[in-house]
Structure formats: structure tokens, C-alpha cells
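Chain residues, written in single-letter form:
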Protein chains: 2
Amino acid sequence: MTTVITCVQLAPVVGDLEGNVSRATDAIAAAVRAGADVVVLPELATSGYVFESVEEVRALAITPDHPAFGSWARAAGGAVVVAGFAEAGPGGALLNSAVVLDASGVLALYRKAHLWDRESLFFTAGDAAPPVVETPHGRIAVMVCYDLEFPEWVRTAALAGADLLAVPTNWPLWPRPDGERPGEVLNAMTAARLNRLAVACADRSGVERGQGWTRGTAIVDADGWVVAETGADGGTASASLDLAASRDKALTERADVIADRRPELYGAVAAGPPPRRTP
Amino acid sequence: MTTVITCVQLAPVVGDLEGNVSRATDAIAAAVRAGADVVVLPELATSGYVFESVEEVRALAITPDHPAFGSWARAAGGAVVVAGFAEAGPGGALLNSAVVLDASGVLALYRKAHLWDRESLFFTAGDAAPPVVETPHGRIAVMVCYDLEFPEWVRTAALAGADLLAVPTNWPLWPRPDGERPGEVLNAMTAARLNRLAVACADRSGVERGQGWTRGTAIVDADGWVVAETGADGGTASASLDLAASRDKALTERADVIADRRPELYGAVAAGPPPRRTP
């Protein structure tokens, strides 16, 4: 099962819903023309990220039946698309969400469960595990940006059988020593390696209201090595991966990243208050 | 609270208990003379690693009241020492263990809970969480080698209040692309970064019964960056860290690597059979 994965490092423009949807549609179509089976776009690709008010988010938030997703579905051809958007959710809630869709329409919806920094001023956190969507190109899981920094969440997707973890992101630029990869990319490499799970992160570019971005778009194979990245100026990263590798969790004849877990000893990481209600 | 951490990349000789203890004693004394507050030695520093039979392990296994630890305690001066050894445990069990000790003697004992590859032919896995030892040089947690590859286990130590995670290791050499750090070091960096927890891994050198080693000894700060490493030929890595940084889990005014967890959603990672009995 060879799957061509393409991450597109777009530069959404805050407030420009129509333009963002249109540019994303073009990007999907171009990736599919170039052979992509799976296309990953950034977090909040429809809305931009650096909001000034809840009202601004509300004016940009859309539902999963918005025509934007119809445009993307028509551009998808035989590919599966994963992309972030600002969702107008049930009961007036605003959510930092992602869709998985193909030519038939929306296959799954995910709502970011770990909100980064000021996002909690605008969004309600999701309460459901990352979906794992069975597709002709492999079992595709999705989470959004800061979610990936919680290894419990990555493990949840791996345990649910994901072959590829698609991660729309907006990584704000963070200091790092010269010569080092961004910490977020090191984390993606480690998440892949510790779970033997391919990971595809689509970051964004551009500068928005003074905020710069890591522009760290990277595709990582199940051994944990970066197989494609974009440059700092945007563009696409594309790689052909045999996602069957993600179904073999063995490191040696006797070592296995999943079977060697000791879940009966991990109670401390899952303790906590009862689940909050999904908005 | 400035703590000088020194990892010594020894080359234990399989079967040479007396020589290994003596070389480790010398290494501790030298590190302390050079100013170390915390000294970390490799996994199975007393016994070597590449065993041929259970009988061989049994002949090398020692109890925590063995004179070796008295020698190390006398060499420790004002420092805390963390080191791996083959333990003759209760009921005839053999364990891949580590001690935390100072001049007063053994402060804590840890038994590796995640056995790598052929280790399960020789050792019984531990069933207790990594201890976190309050010392004048910070709260020091310990786990052994493959344990670190289970982020649930690292999180357990972080949630228990560790400032420094000391990791005796024997990392068998594994292929990696040119120019990349070893995956085990990337993992140590990510473990540190995702928990804001300093991590000190003491790997080994030498070649034992044909097995080469990664020789990846590294000290990582709470931001997740390598601050000291040894060369491939052994020697020591030493760094002075303010371990108070590990007590500040905030990334920004509103983001915090521990507080932002959603433990009520992590049930899938902790499901499993009831705890096995400690041997």
C-alpha cells in the first residue's frame, strides 16, 4: 500500500474566509494533480489564527455543511483531504476543528482537545478521541497542533489502529539553538518512532498580526525519520510511504512498541475528573 | 538551585563484577572531584549486558546490601549517584535494577519495568513506578533505558514531581540517516520538552560479544535541548543546570505542559489487565 502524502504549507489570511477557502481549494487540486493520495492543510486554514475577539471568530466560523467543504470535495479527486477550520458548533460553541473528507464529502470531524495559550479565550475544547478513518489510502487519524504535544493523545490514535496521523498545525515561532530542528518536529519524529506510526504535519507560513510561524511542515515515516519537509517560504512537502509499515509494531523479534507497554501501571496518567460534556 | 550533573559513559565488561565495580567507583570519585552533584552511570554497570544464560546473570547478580554500593557511597562525597546493576531480588528473581545512593547509602531502588528484547529471557520486569528521591540537589527520578521509550512512564515521573530524570542506559547501536541524532536522544529531548523535566542519560561504550552501542550519553535541559554529550569513545558529559526550571511547567502565560493535559480523556492508554505481582 503505497500512499503519496502531500502537506501544503499555506499562509491563511485572518478574516478572509472566501479567499482562504479558494486558495485551499486550488492547493488541494494542485496536490491531487501532482499525484497526492492524502493532502494535509494547516490548522484553521479557513479563518487564520491570530484573532482579536470572539466576535471575529464567530463571523468566520462555519459548519461542516458549509459550501467550502463541497469545493474541497470536488477538488479531492481520489484523494483524502485533512484540513483545519474554525467551526460553528452545537449550542453556539466555537471549536478549533479539522475535517477528513474525500470526493463523497466529509468523512470525519475532529475538535482540538488541547487548546494552546490564547485559544481558550475563543474556543471550546473538544472531548472526543482522534478519529481513525478507514480509507483506500490507509487508516488516517487526525489531531490538531498542540494535541500532538500530549503523548497520551498520540498513543490513543495509535492504539485505535492509525496508519497515518495527519496533523494540521499553526506552530508559532519559538526560539531554538542554531542547527537544531524545531522542537515540534523533534516531537513529531519521536511520536512516530515510539508508536511506529507515520506522521504528517502541515504547518503554515506568512506573518499574521506580527506573529511568525515555525514553517516546520514535515512528513515522518514509521521509523521516526523526516522523509519530506517544506522550505521556510511555503510550498509543499510530499512523500510516498508504504503505510503497511505502521501496522508492524515490532522493533526486533522480541520487542514491540505497543505490546511492551505496561498499561496496568499507567493509572497515574489517566487519573482526573470525570469527562467534560461535549459542547 | 544549580546542580552539576555528570554522566559517565563506561564500558562494563561482561562477567567482571569486581572490575566493573572498581572502575565505577573510580569514575564516581573522579566525577565528584571534578565538581559533580549528581553522577549517572550506565545500565547494568556492574555486570555487563550481553548475557548467554540465566546462570551467567545469576552469578553476577547482587543485592542492594552488596559491598559494591558501600564503595560507591564512600566515593560519592556530597553527590548523589544513580547507576544500573543486575539485582538478585526476592524469591530468586533477577532484575535489571538501578540504585540511587549517596554517602549515607542506598536511598532508593528501581526495577526496570519495560524489558528490551532478550532481557525477558533473563530478567523479571519490575512493577513499581519510578521513584522520585528528594535530595539536596533536587528531586531525582530514575528509570532504565527502554523505559524511557514509553512516554506514559516519563509522565508518571513528571507527575510525581521529578526535577531530573536520571536514565542509566545500554543503547544497542541502531541504524539512522546521516546527520541525524540517535532516535534515543531525540526521544530524551522530547521527553524533556513535553514534561519540562531535565533528563540525563548515561549510555555505555565498548563492544561486548559483538554488540556495539549508540554511545549517545546526553544531558538535556527542561526546554528539551542537549546541553552536554560525550564523544563516541566514552568519557563524561557534564552540565550545570538550574533544576528549578523543571518546577515551572508553563510555556506561556496560558499554556502549561502539565495543566493542559486532559487526563479524563486518556483512559485508553491505561486500560489493561490488573497489576502483576512484584517478584
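Structure shown above.
An account of the accompanying structure is given in this report. (Residues numbered from 1 in each chain as written. Chains lettered and ligands numbered in written order. Predicted model: local features only at pLDDT ≥ 70, side-chain atom pairs only at ≥ 80, totals over all residues. Heavy atoms only, no water.)

1. Some thoughts on the sheet that holds strand S7 (residues 138-142) of chain A
Hydrogen bonds along the backbone pair up the strands of a sheet, which may run parallel or antiparallel. Residue and element names in this part refer to chain A. Under the convention used in this document: Strand pairing is assigned whenever DSSP detects at least two bridges linking the two strands. Only DSSP runs of H or I reaching four residues or more are called helices, and only runs of E reaching two or more are called strands; each is numbered from the N terminus. Every axis corresponds to a line fitted to the C-alpha atoms, with the helix fit spanning only the stretch in contact, and the corresponding angles, defined between N-to-C directions, vary from 0 to 180 degrees.
Spatially, six strands are ordered S6-S7-S8-S9-S10-S11 in an open sheet, and the strand pairing comes out mixed. Strand pairing shows two members of the sheet lacking a second neighbour, strand S6 (132-135) and strand S11 (226-229), which therefore form its edges. Averaged over all neighbouring strand pairs, the angle between strand axes comes to 20 degrees, with direction disregarded. With four bridges joining them, S6 and S7 adopt antiparallel strand pairing. Within the sheet, the bridge partner assigned to Thr 135 lies in S7 and is Gly 138.

2. As for the pairing of S7(A)
All names here are of chain A. For clarity, the threshold we go by: Buried means the residue's accessible area, taken with a 1.4 Å probe over protein chains only, is under 20% of the maximum for its type, while exposed means over 50%, and partly exposed covers the values in between. Consider the strands pointing away from the viewer: the crossover is right-handed when the path from the first strand over the helix to the second runs clockwise.
Within S7, four of the five residues are buried, which leaves the element mostly enclosed by the surrounding structure. Linkage of S6 to S7, two consecutive antiparallel strands, is achieved through a turn of two residues. Sheet topology note: the S7/strand S8 (residues 164-168) ladder contains three bridges and is parallel. Considered in S8, the bridge of Ala 141 is made with Leu 165. In terms of handedness, the path from S7 via helix H4 (residues 151-159) over to S8 forms a crossover that is right-handed.

3. So, the environment of A:Ser104
The condition is simple: For the purposes of these results, a polar contact is taken to be a pair of N or O atoms within 3.5 Å, where, inside protein, one atom must be able to donate a hydrogen and its partner to accept one; residues adjacent in sequence count only when each atom of the pair is a side-chain atom.
Within the fold, A:Ser104 resides in the loop between strand S4 (94-102) and strand S5 (105-111). In this structure the side chain of A:Ser104 is engaged in a polar contact, spanning 2.6 Å, whose partner is the side chain of A:Asp102.

4. Some remarks on the interface of chain A and chain B
Note the threshold: Note on contacts: a residue pair qualifies if any of its non-hydrogen atoms lie within 4.5 Å across the two residues. Throughout, the accessible surface (probe 1.4 Å) given up by two parts as they are put together, summed over both, is called the buried area. The term salt bridge refers to a side-chain nitrogen of Lys or Arg lying within 4 Å of a carboxyl oxygen of Asp or Glu. In this classification, Asp, Glu, Lys and Arg are treated as charged, Ala, Val, Leu, Ile, Met, Phe, Trp, Tyr, Cys and Pro as nonpolar, and every other residue, Gly included, as polar.
The partner chain B presents 58 residues to the 58 residues of chain A that form the contact. Interface area, chain A with chain B, both sides summed: about 5,100 Å², of which 59% is carbon and sulfur. Considering only the surface of chain A that becomes buried against chain B, A:Trp225, A:Arg254 and A:Arg262 emerge as the three largest contributors, covering 13% of it. For the pair chain A and chain B, the number of links is 10 salt bridges. At the junction of chain A with chain B, the criterion picks out 28 residue pairs in polar contact (both at pLDDT 80 or more). For the side of chain A that touches chain B, the secondary structure elements donating two or more residues are H4, helix H5 (183-195) and helix H6 (267-270) of chain A. Looking at the side of chain A that touches chain B, the element that brings in the most residues is H5(A), giving eight residues. Along the lines of polarity and charge, the residues of the side of chain A that touches chain B split into 29 nonpolar, 10 polar and 19 charged.

Note that every value here comes from positions in space, so none of it alone points to a role or purpose.
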